[in-house]
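# Examining the three-dimensional arrangement
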Amino acid sequence: MELIIGPRLYSTWSLRPWLVLKHCGADFTVREIDIYSPAGRAELEQVSPSKLVPVLEVEGELIWDSMAISVWCAERYPEAKLWPADAHARWLARSAACEMHGGFMALRSECGMGPDHTMVGPDRAPPPTGEAVARDLRRIVALWSQMRTRFGAAGPYLFGQWSVPDAFFTPVAARLRHYQIDLTAYGDDGTAAAYRDALLAQPDFLQWTADALGAG
Ligand SMILES: N[C@@H](CCC(=O)N[C@@H](CS)C(=O)NCC(=O)O)C(=O)O
């Protein structure tokens, strides 16, 4: 089984399924493609049906899209409990992960990741100023605070124990750090910031960080 990813320093989409596979204890190799180089682009054209990363190659099939890979993982590794056991929490966890998967476009574009802006490493950028990104940040603070308050008693993650939404929000935590965003300006009473810090402290994310900086 091979996970094909973009550069670890800034491929937010690639980080998500990698975290999910790690949480499952899956035995997989990683192929990192420099999608910003002509040779990497050519390789991507060969290996990815959508011409995007990530792609999981398993049993002769290519599964593209980070959510599709996460859904496959939940099927293949039920013991990893990738979604909360409580039905109500599970419904909301799926909503939260899907909201991240398909939304927060202003945050993504104004606080982009790429060769000049990395998810890991010491460089930092000034905070964003646009109203659209402020709306996204207020929504993230509200969502994180509500879920943590309601479901967070069993652990530091969004629904207490680690689940798929944590993988999807880890790149958001990295953007908040890189762009030095003060969440209190968006309504946080400290709950969202504590969750951000829990995501940044995940051992698997620290491994990704070390690998990214080692390769970078
Ligand atoms: N919905 C896809 C989005 C994947 C995506 O946008 N990947 C970016 C990587 S950071 C990409 O491959 N970009 C290459 C390009 O746009 O040419 C997923 O979740 O896997």
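We now turn to the structure provided with this report. Within every chain, residues take consecutive numbers counted from 1 along the sequence as written. Confidence filtering applies because this is a predicted model: local features only for residues at pLDDT of at least 70, side-chain atom pairs given and counted only at 80 or more, and all residues used for totals across whole chains, interfaces and linings. Only hydrogens and water are removed before side-chain values are computed, so all heavy atoms of the structure are retained for them.

## Considering the pattern of salt bridges
- By definition, a salt bridge exists where a carboxyl oxygen of Asp or Glu is found within 4 Å of a side-chain nitrogen of Lys or Arg. Applying the stated criterion to the full structure yields 7 salt bridges.
- Taking the shortest distance from any N to any O, the salt bridge between Glu2 and Arg31 comes out at 3.3 Å. Here Arg31 lies in strand β2 (residues 29–32) and Glu2 lies in strand β1 (residues 2–5), a separation of 29 residues in the sequence.
- The rule is simple: take the accessible area with a 1.4 Å probe, protein chains only, and divide by the maximum for that residue type; under 20% is buried, over 50% is exposed, in between is partly exposed. A residue is classified by how much of its surface remains accessible, and Arg31, at 27% relative accessible area, is partly exposed.
- The partner of Glu32 in a salt bridge is Arg8, and the shortest N-O contact between them spans 2.3 Å. With a gap of 24 residues between them, Glu32 in strand β2 and Arg8 in the loop between β1 and α1 (12–24) connect regions that are remote in the sequence. Think of it this way: any DSSP run of H or I at least four residues long counts as a helix, any run of E at least two long counts as a strand, and we number them from the N terminus.

## Notes on the environment of Phe159
- Looking at the secondary structure, you find Phe159 in the loop between α6 (131–151) and α7 (164–178).
- Every residue pair with non-hydrogen atoms within 4.5 Å of one another is taken to be in contact. If we skip the residues at most four places from it in the chain, Phe159 touches Pro84, Ala89, Leu92, Ala93, Met147, Phe151, Gly152 and Pro165.

## Overview of the site of the ligand
- For this purpose, a residue is taken to be near a molecule or strand whenever a single non-hydrogen atom of the residue falls within 4 Å of it. Within the structure, the ligand sits among Ser11, Trp13, Ile35, Arg41, Leu52, Val53, Pro54, Asp65, Ser66 and His101.
- Identification of polar contacts relies on pairs of N or O atoms within 3.5 Å, with a donor-acceptor requirement for protein atoms, meaning one able to donate a hydrogen and the other able to accept it, and with residues adjacent in sequence counted only if both atoms are side-chain atoms. The backbone of Val53 places a nitrogen or oxygen atom 2.8 Å from a nitrogen atom of the ligand.
- Contact distances for the ligand include 2.6 Å between an oxygen atom and a side-chain N or O atom of Ser66.
- Computed with a 1.4 Å probe, the accessible areas rest on the Shrake-Rupley method; for each residue, only the protein chains presented here act as cover. For the ligand, the protein covers 73% of the area, taking 510 Å² as the surface of the free molecule.

## So, the packing of helix α4 (residues 87–102) against α6
- Lines are fitted to the C-alpha atoms to define the axes, a helix being fitted only along its stretch in contact, and any angle between axes, read from their N-to-C directions, falls within 0 to 180 degrees. With their axes 12 Å apart at the nearest point, α4 and α6 run at an angle of 160° to one another. Between α4 and α6, the angle is such that the two are roughly antiparallel. The way α4 lies across α6 gives a crossing that is left-handed. The segment α4 lies against α6, with His88, Ala89, Leu92, Ala96 and Glu99 engaging Arg139, Leu143, Met147, Arg150 and Phe151.
- Ten residues, namely Ala, Val, Leu, Ile, Met, Phe, Trp, Tyr, Cys and Pro, are considered nonpolar, four, namely Asp, Glu, Lys and Arg, are considered charged, and the remaining ones, Gly among them, are considered polar. Tallied by class, residues from the contact of α4 with α6 come to 6 nonpolar, 1 polar and 3 charged. Angles are sorted into four bins: roughly parallel if under 35 degrees, roughly antiparallel if over 145, roughly perpendicular if 65 to 115, and oblique for all others. Note on convention: the crossing is left-handed when the near helix lies turned anticlockwise from the far helix by less than a right angle, right-handed when the turn is clockwise.

## Topic: the nonpolar core
- If you look at the biggest cluster of nonpolar residues, it comprises 68 residues, and the most contacted ones within it are Cys73, Leu82, Trp144 and Phe169.
- It is α6 that provides the largest number of residues to this core, a total of 9 residues.
- When near neighbours in sequence (up to four residues on either side) are disregarded, Trp144 contacts Leu158, Phe169, Val172, Ala173, Leu176, Ala192, Tyr195 and Arg196.
- One finds Leu44, Val47, Val53 and Val55 within the second-largest nonpolar core, a separate group that totals 7 residues. Among the buried residues, those of types Ala, Val, Leu, Ile, Met, Phe, Trp, Tyr and Cys that are joined through side-chain atoms within 4.5 Å form a nonpolar core.

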